[in-house]
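What the coordinates show
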8 protein chains.
Amino acid sequence: MTESAASLRVEGVAELDVARTARRGYPEAVYCEGKSVAQVRAIAEALRDRAREHDDDDGLENGPLLFTRCAPEQVHALRTVFPDAAVDGVARLVAWPSQPPSPCGGNVVVLCAGTSDLPVAREAWLTARYLGRSAELVVDVGVAGLHRVLDRIDLIRAADVVVVVAGMDGALASVVAGLVCAPVVGVPTSVGYGAAFDGLAPLLSMLNACAPGVGVVNIDNGYGAGHLAAQIAAPPRSQSGA
Amino acid sequence: MTESAASLRVEGVAELDVARTARRGYPEAVYCEGKSVAQVRAIAEALRDRAREHDDDDGLENGPLLFTRCAPEQVHALRTVFPDAAVDGVARLVAWPSQPPSPCGGNVVVLCAGTSDLPVAREAWLTARYLGRSAELVVDVGVAGLHRVLDRIDLIRAADVVVVVAGMDGALASVVAGLVCAPVVGVPTSVGYGAAFDGLAPLLSMLNACAPGVGVVNIDNGYGAGHLAAQIAAPPRSQSGA
Amino acid sequence: MTESAASLRVEGVAELDVARTARRGYPEAVYCEGKSVAQVRAIAEALRDRAREHDDDDGLENGPLLFTRCAPEQVHALRTVFPDAAVDGVARLVAWPSQPPSPCGGNVVVLCAGTSDLPVAREAWLTARYLGRSAELVVDVGVAGLHRVLDRIDLIRAADVVVVVAGMDGALASVVAGLVCAPVVGVPTSVGYGAAFDGLAPLLSMLNACAPGVGVVNIDNGYGAGHLAAQIAAPPRSQSGA
Amino acid sequence: MTESAASLRVEGVAELDVARTARRGYPEAVYCEGKSVAQVRAIAEALRDRAREHDDDDGLENGPLLFTRCAPEQVHALRTVFPDAAVDGVARLVAWPSQPPSPCGGNVVVLCAGTSDLPVAREAWLTARYLGRSAELVVDVGVAGLHRVLDRIDLIRAADVVVVVAGMDGALASVVAGLVCAPVVGVPTSVGYGAAFDGLAPLLSMLNACAPGVGVVNIDNGYGAGHLAAQIAAPPRSQSGA
Amino acid sequence: MTESAASLRVEGVAELDVARTARRGYPEAVYCEGKSVAQVRAIAEALRDRAREHDDDDGLENGPLLFTRCAPEQVHALRTVFPDAAVDGVARLVAWPSQPPSPCGGNVVVLCAGTSDLPVAREAWLTARYLGRSAELVVDVGVAGLHRVLDRIDLIRAADVVVVVAGMDGALASVVAGLVCAPVVGVPTSVGYGAAFDGLAPLLSMLNACAPGVGVVNIDNGYGAGHLAAQIAAPPRSQSGA
Amino acid sequence: MTESAASLRVEGVAELDVARTARRGYPEAVYCEGKSVAQVRAIAEALRDRAREHDDDDGLENGPLLFTRCAPEQVHALRTVFPDAAVDGVARLVAWPSQPPSPCGGNVVVLCAGTSDLPVAREAWLTARYLGRSAELVVDVGVAGLHRVLDRIDLIRAADVVVVVAGMDGALASVVAGLVCAPVVGVPTSVGYGAAFDGLAPLLSMLNACAPGVGVVNIDNGYGAGHLAAQIAAPPRSQSGA
Amino acid sequence: MTESAASLRVEGVAELDVARTARRGYPEAVYCEGKSVAQVRAIAEALRDRAREHDDDDGLENGPLLFTRCAPEQVHALRTVFPDAAVDGVARLVAWPSQPPSPCGGNVVVLCAGTSDLPVAREAWLTARYLGRSAELVVDVGVAGLHRVLDRIDLIRAADVVVVVAGMDGALASVVAGLVCAPVVGVPTSVGYGAAFDGLAPLLSMLNACAPGVGVVNIDNGYGAGHLAAQIAAPPRSQSGA
Amino acid sequence: MTESAASLRVEGVAELDVARTARRGYPEAVYCEGKSVAQVRAIAEALRDRAREHDDDDGLENGPLLFTRCAPEQVHALRTVFPDAAVDGVARLVAWPSQPPSPCGGNVVVLCAGTSDLPVAREAWLTARYLGRSAELVVDVGVAGLHRVLDRIDLIRAADVVVVVAGMDGALASVVAGLVCAPVVGVPTSVGYGAAFDGLAPLLSMLNACAPGVGVVNIDNGYGAGHLAAQIAAPPRSQSGA
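Let me begin by describing the structure that accompanies this report. (Residues numbered from 1 in each chain as written. Chains lettered and ligands numbered in written order. Predicted model: local features only at pLDDT ≥ 70, side-chain atom pairs only at ≥ 80, totals over all residues. Heavy atoms only, no water.)

What follows concerns the overall build of chain A. The helix and strand tally for chain A stands at ten helices and eleven strands. Dimensions along the principal axes, computed over C-alpha positions, put chain A at roughly 55 × 40 × 35 Å. Across the 242 residues that make up chain A, the buried fraction comes to 68%. In chain A, the proportion of contacts linking residues at least 24 apart, taken out of those at least 6 apart, comes to 67%. Carbon together with sulfur atoms contributes 50% to the accessible area of chain A, which is approximately 7600 Å² in total. Counting 19 positive and 27 negative side-chain charges, chain A places the averaged centre of each group 1 Å from the other. (Helix = DSSP H or I, 4+ residues; strand = E, 2+ residues; numbered from the N terminus. Buried < 20%, exposed > 50% of the residue type's maximum accessible area, 1.4 Å probe, protein only. Contact = heavy atoms within 4.5 Å. Areas by Shrake-Rupley, 256 points an atom, 1.4 Å probe, with all protein chains shown as cover. Lys, Arg positive; Asp, Glu negative; His and termini not counted. Charge placed at Lys NZ, Arg CZ, Asp CG, Glu CD.)

Next comes the structure, spelled out in structure tokens:
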């Protein structure tokens with residue numbers, strides 16, 4: 001292990017894994033839920049300062065910085081550090097630099113079962129784009145009206161990886177996996193009530209998909225789904241360059 | 001309550017609810033799991049003797065006797081009491097008299113998602129028939145190969161009630177409910193493993209069906225599903241005659 | 001599948017299943033929980049505009065629009081779009097047109113176990129009425145005072161379908177199912193505390209009802225129960241016309 | 001604490017709480033599940049020898065010895081130690097001396113919802129009798145046929161404590177508690193399948209009984225229910241004599 | 001059943017079980033959680049009016065009215081209906097008439113494991129007193145400092161029934177049950193965090209008490225515990241008078 | 001949908017999705033758990049006969065047939081139908097034809113945390129190979145001895161997809177995902193006891209992996225993991241050729 | 001038991017276990033969650049007065065007083081009683097006297113997996129210090145960047161006990177336990193979302209650590225972890241002096 | 001990491017962590033549940049051969065080999081490899097060499113709540129002894145007869161670490177922790193039934209012990225408890241020598 005100098009310490013707060021792009025191909029994102037505004041700001045400043053020290057003022061070298069699950073006050077603090085960052089209010093995502101890189105590798109299609117699943121679906125879609133993939137978002141195609149997904153079957157079959165975001169019965173993951181060649185990333189959401197048990201129902205449903213080919217991430221984990229989809233659709237060289 | 005004399009007592013063992021046909025329109029079935037062979041035999045003999053006393057030697061008057069979830073030894077004991085009973089080894093069902101009554105009321109279609117769901121699906125299908133409905137059974141039409149259910153859509157849409165029997169992701173119930181007018185009875189099964197948690201996954205999935213119109217019964221409860229379907233598809237007079 | 005043009009797209013927000021009445025006999029309702037006020041308003045406007053385009057200014061042709069689980073701000077927004085809509089504050093339901101259609105088919109009786117179950121019970125009762133059935137609501141007849149339900153036995157036995165709304169032990173569903181011919185739709189509620197586990201207790205209780213004939217919907221799902229009851233009590237032609 | 005010499009040690013196996021009758025009014029029972037035949041035998045011999053040493057050859061002084069949940073081999077071993085013990089095969093209970101003491105205190109009524117609940121119900125009924133109460137057992141009076149319990153209402157209302165043994169929906173406990181003055185001891189059983197989750201459903205149902213006055217014991221815990229009922233119905237002096 | 005006229009209807013809101021004192025010996029309490037202020041007030045007014053009609057202006061005849069789990073606004077509304085009611089802010093209990101009846105029957109001792117359990121413990125203690133028993137409350141005697149409960153052993157052993165209120169590990173119920181003759185009513189509370197899972201830990205602990213003689217009620221159910229304790233310690237005639 | 005003739009019916013038993021290779025790129029496997037020997041044999045014969053009818057006597061055209069989770073009697077039956085099939089007793093897998101196809105696409109590495117996880121790991125490894133990928137299996141490299149996995153880091157980093165099979169704490173998935181560029185397929189196993197809760201512990205652990213890039217399949221689902229890995233590592237044309 | 005006078009009663013509120021230092025070596029802490037401000041203040045005043053009565057004005061004799069999980073209003077109240085107390089806002093801990101005692105015994109190292117785990121980690125770290133141990137806190141060393149923990153391996157191996165605080169997958173506990181001789185105290189936290197289920201995931205993960213040597217405390221229980229660590233690293237005489 | 005050559009590979013079966021004694025101070029044990037007899041034998045032979053190669057024929061150098069959870073056939077196989085191994089049938093433990101090393105460090109006391117907990121308690125007790133500690137086992141001292149544990153208080157207080165093995169309510173851990181200075185290792189067992197949920201009840205109870213100072217291991221994990229206790233009671237040099 002020669003990665004000893006691979007951390008950026010924010011004293012008493014964080015030890016940022018700045019070697020992650022070199023090691024894994026994608027930078028570490030900052031998960032903001034559960035962090036105070038002051039902590040988020042301190043982390044952002046440390047990352048900005050490091051970029052400047054590396055003469056990476058536009059953040060293009062080390063890949064984009066993503067701040068996920070940002071509350072409004074955290075967004076406000078981040079804007080003071082990165083005035084030109086992009087903010088997606090629905091996905092609660094802040095990205096710097098604001099433009100995703102030019103896409104390479106395969107194509108990602110994100111299917112969103114219902115309107116209430118949008119925050120998670122947009123987080124997945126944006127993450128895949130900021131990590132370098134072309135990605136498309138299709139909204140409100142749950143199985144209650146099956147024609148909505150069948151109407152898009154050509155688009156879906158053309159994808160190199162399909163992300164299915166669904167709450168309640170989570171049935172869309174099974175249905176889609178049964179129709180396509182590409183791997184499916186299933187993202188159960190906490191949308192629903194009662195016996196949905198905060199996402200347990202679609203989680204179990206996706207884990208038990210009767211069609212093979214579904215890899216499941218945590219409930220509401222749009223970021224993780226976009227990251228995994230970006231890895232699956234990565235251009236061939238990304239593997240060999242590790 | 002004038003139903004005081006409505007019970008048939010098997011001393012120390014059971015108090016049979018022989019007024020149920022009069023009160024509800026359908027006779028009480030005998031659930032055999034958890035009963036000893038001797039208990040099942042004693043109950044069967046009491047019911048046979050009562051039928052004889054009522055000059056109902058062919059069992060036609062009070063509706064058929066159904067013994068559910070019968071182990072082989074219990075089947076053996078029942079055959080000594082009702083030599084001409086019908087036995088379905090897959091559904092573990094014993095019925096007397098052996099012939100279902102002539103069907104009346106609406107039509108029941110039972111959809112079975114996979115081969116392993118057959119015991120439950122057959123129990124539902126036979127129960128609906130013995131309780132007086134015409135019923136059809138369609139096997140192995142899970143959503144992993146969606147064309148299998150879409151190919152039968154005319155048959156399914158012609159039903160007055162659809163019973164969907166599925167384990168694993170239980171997604172078939174949602175998909176079917178989204179395609180038909182008729183009410184759907186969902187029967188989750190314990191088919192599957194791991195995170196299916198003995199039927200919990202399809203149970204939650206069906207309770208959270210994104211298409212309204214699904215009434216769910218207990219895991220593996222083919223008998224209950226057939227009974228409920230028979231009630232839903234009952235001829236109009238059956239309600240008024242209560 | 002010839003239903004390709006069956007969706008009404010609200011760009012980036014929703015893909016409304018406007019073919020549902022044609023396909024299933026009942027229109028899609030809009031579940032408002034988890035949607036922003038702006039999203040609800042955009043959906044409502046799209047539906048209103050479509051009704052106008054179809055010269056269906058009074059909404060009579062395509063069936064009533066139901067907006068369920070509306071928060072006060074959502075109700076406010078809906079009233080700006082449909083000034084003459086009906087609003088039930090307890091059930092959190094907004095309906096347009098405000099008058100239910102003339103009832104046809106069978107009769108629905110909704111039994112509400114306790115006062116705290118009223119929001120769910122009223123949602124079921126109103127849904128059944130807006131979907132075209134005659135329906136009656138009976139309040140506070142839990143089994144702790146059994147005479148309350150026994151006193152109504154004639155009314156209950158005259159129903160074509162009984163909806164039982166109960167939290168805590170959910171025992172009313174079993175008791176009622178044991179007394180009537182008609183199918184029972186069980187709606188567990190999150191009323192209770194502690195080991196009620198937000199409705200898990202009555203959910204399990206109803207799924208294990210010792211009397212057959214209970215179809216269970218999701219916890220607090222008054223809309224789904226009213227919808228299922230309307231389907232069960234639909235006039236015979238509705239099935240054949242699918 | 002002067003009870004230091006209150007234990008009977010079976011070296012490396014058990015430390016019997018022989019002071020329990022003096023301290024609590026009832027002797028310690030030996031729970032045999034999970035013990036080897038050799039361990040059960042060693043415990044039985046130690047208890048027999050101690051009785052002899054105390055010139056209590058007929059076991060009348062210290063209260064009866066109860067061995068619960070005995071497997072057949074354990075019964076066999078116990079019979080070699082106490083040849084005149086009573087054995088109830090259904091309840092899996094071995095008692096010595098074989099005759100319950102003359103009853104004193106109030107009256108216990110044990111209600112058993114279904115035939116499959118009999119082992120637990122008999123264990124409760126026998127325990128109450130061996131601990132000194134008069135007790136009656138009523139079998140198969142579940143709420144699916146409500147008249148069965150209403151027909152016995154006078155008997156039930158005459159009890160000083162009612163034990164309700166029920167699996168599946170456990171609804172009988174609520175119904176009975178709503179009809180009587182006496183406290184109810186609820187015993188959920190593991191009878192049922194699927195969403196009964198080995199007794200979880202009736203356990204939660206009884207804990208959430210909408211009628212107050214139900215104290216719940218562990219699933220299948222007939223012994224504990226009989227013991228608690230015996231305490232509740234104890235004659236007034238038993239408390240003062242502690 | 002001659003109890004047909006036994007209900008007091010508050011139209012569309014409640015059907016009060018006013019026959020409960022005659023039938024069970026204790027009046028129905030009004031559980032206020034989940035009820036609106038208007039509903040609570042309407043119920044209170046109906047009960048007050050009925051008392052007046054029965055010339056029971058001081059509420060002495062039918063037993064005290066208890067309103068449980070009252071939020072401050074509900075307390076305010078109740079005071080406008082019953083200006084002289086007693087209010088316990090910690091227990092969130094409102095009682096009318098304000099004075100408990102003269103105690104009869106046995107003695108109740110309520111043990112409260114920790115300070116945070118006080119709301120539940122006081123609800124149990126006050127309920128037992130308003131239902132006619134003498135009752136004592138002992139605070140903060142959890143097993144972490146075992147001497148605290150051993151120091152009170154004489155008081156506890158003198159009780160006819162002991163109520164143990166405890167969260168976290170719930171161990172106090174087992175320890176106490178092992179030391180006394182009287183039955184123990186166990187009340188698990190939601191006090192604790194993490195793996196206490198809102199009271200699940202002490203609930204399971206009490207259900208599995210290694211000492212027999214514990215009847216468990218719902219988590220945080222102080223009212224139910226006080227009611228059950230009152231029944232257990234009722235004077236002998238209360239049973240015979242049912 | 002033009003796939004109407006895409007099923008092979010085994011009357012009353014199964015409806016085989018023989019169009020799956022054309023639609024998804026991989027043939028349907030036969031999951032044998034829960035099927036009778038007769039059912040497995042009937043399915044195998046139908047598939048063999050179809051292969052012959054299509055002049056595909058060596059099974060090379062439509063991809064290999066996989067029979068998973070085979071009990072010894074089922075293996076025996078399958079050998080009578082496919083005498084030259086390959087059988088892996090540890091993985092409980094039967095494959096025909098016996099030789100995997102020549103590998104194409106990327107490389108799969110399967111990491112097995114402990115010896116007891118071998119059945120699942122071998123099922124994943126063999127499935128990936130029979131579906132056309134080169135695959136390597138590394139055994140017993142759990143994190144308790146971290147050097148075991150660090151010693152193989154070059155091999156692991158050279159993979160295009162890594163399958164991690166682990167029970168107990170499931171920590172290996174997080175650790176590996178943090179070290180590599182490639183996507184990780186996590187397979188929790190039921191290895192462990194007590195609070196492993198039959199695989200729940202590693203399932204939750206993998207779903208909450210602190211390193212992004214883990215897609216999780218069902219507990220013990222080696223087949224699904226191998227299938228998903230084969231899809232992820234598929235050669236670029238397989239996506240475009242769908 | 002001669003500890004009868006070992007309690008300090010705050011009437012109707014608490015019975016403080018002031019003998020705990022004598023009995024166990026460490027004083028009782030006051031857990032403030034669930035206590036009202038008035039209760040916390042009353043307890044603090046009683047403890048302060050007792051210290052004065054014992055001429056222990058600087059609190060040095062009986063060990064430090066710790067108030068845990070303090071809300072801001074509670075902190076405010078405590079400051080009026082102990083103006084010179086130390087307050088840690090992140091850990092929500094108030095300590096008096098403000099200075100930890102001089103450390104004795106072994107060394108404690110607290111590892112904190114992520115920034116969001118800091119409140120719990122600081123509570124553990126401060127508790128160990130106030131209970132007399134030297135302790136070090138290392139922040140943000142989760143396994144997603146394994147080098148962060150491997151870089152500190154010498155520091156960690158020098159500890160006499162290691163406390164690992166981690167949410168999400170909880171994998172750090174297994175990894176660390178596999179690398180060191182010293183016992184590990186695992187503290188799962190509620191950091192995470194979805195299938196972390198409020199700390200259940202890391203709790204199960206730590207309980208199933210594949211490396212032996214991990215003792216687990218409750219979710220988020222920093223106080224308990226610091227206490228246990230202090231006991232494990234206590235100087236030899238503390239045991240013999242009990 | 002210089003431990004690269006630290007593994008002993010049994011090809012395709014296991015990769016034994018033979019560096020563990022050097023790294024952690026204690027050798028790796030072989031957990032036999034879930035391993036085939038052939039696998040266990042192969043592992044044993046590899047370990048024996050390695051000992052011989054290192055001229056460690058009596059196994060004294062590298063610490064004892066422990067094989068845990070051995071089924072009888074596995075014991076038989078192990079005896080052919082290590083004819084002079086010690087076998088404890090109750091604990092299902094095989095140890096070689098048969099004699100534990102001379103004890104050093106502190107003293108371990110293992111408390112076993114009931115007879116049925118003996119297999120787990122003996123496993124903990126023997127493990128601590130084979131890992132080099134003096135250890136004592138006290139049997140059947142559950143809290144139902146509190147005097148049994150209070151009678152041993154001097155022995156328990158003299159321990160450097162106390163292991164509490166208990167099923168059902170697990171209350172013994174709290175009670176003991178409240179009485180002693182030393183840390184307590186809590187081992188919940190699966191002893192019990194019904195709502196013990198295979199050890200969940202005592203697990204939660206111990207995690208929520210109201211007395212601090214309890215570190216909990218997995219359900220039935222006697223080996224892990226003995227290992228952790230040995231670490232806690234290790235002589236001071238063992239830490240410094242790591």
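Across the boundary between the two partners, chain H contributes 18 residues, which contact 27 residues of chain D. The largest per-residue losses of area from chain H upon contact with chain D belong to H:Thr115, H:His147 and H:Tyr193, which jointly make up 36% of the total buried on that side. Viewed at the interface, chain D and chain H are joined by one salt bridge. For the interface between chain H and chain D, the tally reads ten residue pairs in polar contact (both at pLDDT 80 or more). (Buried area = accessible area lost by both parts, 1.4 Å probe. Salt bridge = Lys/Arg side-chain N within 4 Å of Asp/Glu carboxyl O. Polar contact = N/O pair within 3.5 Å; in protein donor to acceptor, adjacent residues only side chain to side chain.)

Here we take up the interface of chain F and chain A. The interface of chain F with chain A comprises 35 residues on the first partner and 35 residues on the second. Our enumeration of links across chain F and chain A arrives at zero salt bridges. Taken together, the connections running from chain F to chain A amount to 13 residue pairs in polar contact (both at pLDDT 80 or more). Elements with a minimum of two residues in the side of chain F that touches chain A: α1 (20-24), α8 (200-207), β11 (214-216), α9 (222-232) and α10 (236-240) of chain F. Take the side of chain F that touches chain A: its biggest share by element is five residues, from α9(F). Grouping the constituent residues of the side of chain F that touches chain A by class yields 19 nonpolar, ten polar and six charged. (Nonpolar A, V, L, I, M, F, W, Y, C, P; charged D, E, K, R; others polar.)

This part is about the packing of aromatic side chains. Tallied over the full model, the rule gives 24 aromatic pairs over all chains. Summarising the aromatic geometry, the rings of B:Phe67 and B:Phe82 are spaced 6.1 Å apart at their centres and angled 45 degrees between planes, so their arrangement reads as tilted. With B:Phe67 in strand β4 (residues 65-68) and B:Phe82 in the loop between α3 (72-81) and β5 (86-88), the pair connects residues that are 15 residues apart, well separated along the chain. As far as burial versus exposure is concerned, B:Phe67 and B:Phe82 are alike and both buried. Following the ring pairs from residue to residue traces out a cluster consisting of A:Phe67, A:Phe82 and A:Trp96. Here D:Arg129 stacks its cationic end above the ring of D:Trp125, 5.0 Å away from the centre of that ring. (Phe/Tyr/Trp six-rings, centres within 6.5 Å; stacked < 30°, edge-to-face > 60°. Lys NZ or Arg CZ within 6 Å of the ring centre and 35° of its normal.)

After a rotation of 90 degrees and a shift along the axis of 0.0 Å, chain H superposes on chain D with an RMSD of 0.0 Å. These values place the two chain copies in the arrangement generated by a four-fold rotation axis. Closest approach to the rotation axis among the C-alpha atoms of chain H is made by H:Phe197, whose C-alpha sits 7.3 Å away. (Least-squares fit on C-alpha atoms with pLDDT ≥ 70 in both.)

What follows covers the sheet that holds strand β4 (residues 65-68) of chain E. Residue and element names in this part refer to chain E. Strand order in the open sheet formed by four strands is β3-β4-β6-β5, with mixed pairing between adjacent strands. For this open sheet the edge positions go to β3 (30-31) and β5 (86-88), each flanked by a neighbour on one side alone. Examined bridge by bridge, β5 and strand β6 (residues 93-96) share three bridges and lie antiparallel to one another. Residue aspartate 88 lies in a different strand from β6, and its bridge partner there is leucine 93. (Pairing = 2+ DSSP bridges.)

This part takes up the relation of the copies chain F and chain A. Placing chain F over chain A gives an RMSD of 0.0 Å and needs a rotation angle of 180 degrees, together with 0.0 Å of translation along the axis. Both copies of the chain, as the preceding transformation shows, are related through a two-fold rotation axis. Same-surface contact between copies: 100% of interface residues of chain F are shared with the interface of chain A.

All names here are of chain E. Counting buried residues along strand β7 (residues 107-112), five of its six residues qualify, which places the element largely inside the surrounding structure. Each parallel crossover has a hand, and the one from β7 via helix α4 (residues 118-130) to strand β8 (residues 134-139) is right-handed. Taken together, the five bridges between β7 and strand β9 (residues 161-166) define a ladder with parallel strand orientation. Counted as the bridge partner of leucine 111 is valine 164 from β9. (Right-handed = clockwise from strand over helix to strand, strands pointing away.)

Spatially, chain C and chain F are disjoint, and the shortest separation between their C-alpha atoms is 8 Å. Between chain D and chain F there is no contact, and the shortest C-alpha to C-alpha separation is 15 Å.

Among the secondary structure elements, A:Arg24 is positioned in helix α1 (residues 20-24). A:Asp17 provides the closest opposite charge to the buried, salt-bridge-free A:Arg24, at an N-O distance of 7.2 Å. If we ignore the near neighbours within four places in the chain, the residues touching A:Arg24 are A:His227, A:Gln231, F:Ala177, F:Gly178, F:Leu179, F:Val180, F:Cys181, F:Ala211, F:Pro212 and F:Gly213.

This part takes up the pattern of salt bridges. Tallying each qualifying case throughout the model produces 80 salt bridges over all chains. In this structure, E:Asp17 engages E:Arg20 in a salt bridge whose closest nitrogen and oxygen atoms are separated by 2.9 Å. Under the relative-accessibility criterion, E:Arg20 is labelled buried at 5%. The salt bridge partner of G:Arg122 is G:Asp88, with a shortest N-O separation of 2.8 Å. On the criterion of sequence distance, the pair formed by G:Arg122 in helix α4 (residues 118-130) and G:Asp88 in strand β5 (residues 86-88) is long-range, its members being 34 residues apart.

With eleven of its eleven residues buried, helix α9 (residues 222-232) of chain H lies for the most part within the structure. Taken together, the buried positions of α9(H) are occupied by H:Gly222, H:Tyr223, H:Gly224, H:Ala225, H:Gly226, H:His227, H:Leu228, H:Ala229, H:Ala230, H:Gln231 and H:Ile232.

In the segment running from D:Trp96 into D:Pro97, the intervening peptide bond is cis, with an omega of 0 degrees. Along the chain, D:Pro97 turns up in the loop between β6 (93-96) and β7 (107-112). Positive phi is not limited to glycine here, since G:Arg69 has a value of about 55 degrees. Within the element layout of this structure, G:Arg69 appears in the loop between β4 (65-68) and α3 (72-81). By relative accessible area, G:Arg69 is classed as buried at 8%. The phi torsion at G:Arg92 lies on the positive side, around 55 degrees, for a residue other than glycine. One can find G:Arg92 in the loop between β5 and β6 (93-96).

This paragraph deals with helix α2 (residues 37-53) of chain E. All names here are of chain E. An ideal rise of 1.5 Å per residue puts 24 Å on 17 residues; α2 measures up with 24 Å between its terminal C-alpha atoms. Of the positions making up α2, those classed as buried are Gln39, Val40, Ile43, Ala44, Ala46, Leu47, Arg48 and Ala51. Aspartate 55 sits one or two positions beyond α2 and adopts a positive phi of about 55 degrees. (Expected span 1.5 Å × (residues − 1).)

Once that is clear, we can look at the environment of C:Glu15. For C:Glu15, the location among the structural elements is in strand β2 (residues 14-17). Look at C:Glu15 and you get buried, because its relative accessible area is 5%. C:Glu15 sits 28 residues away from C:Ile43 along the chain, and the two C-alpha atoms are 9.3 Å apart. For C:Glu15, the side chain forms a polar contact with the side chain of A:Arg152, separated by 3.1 Å.

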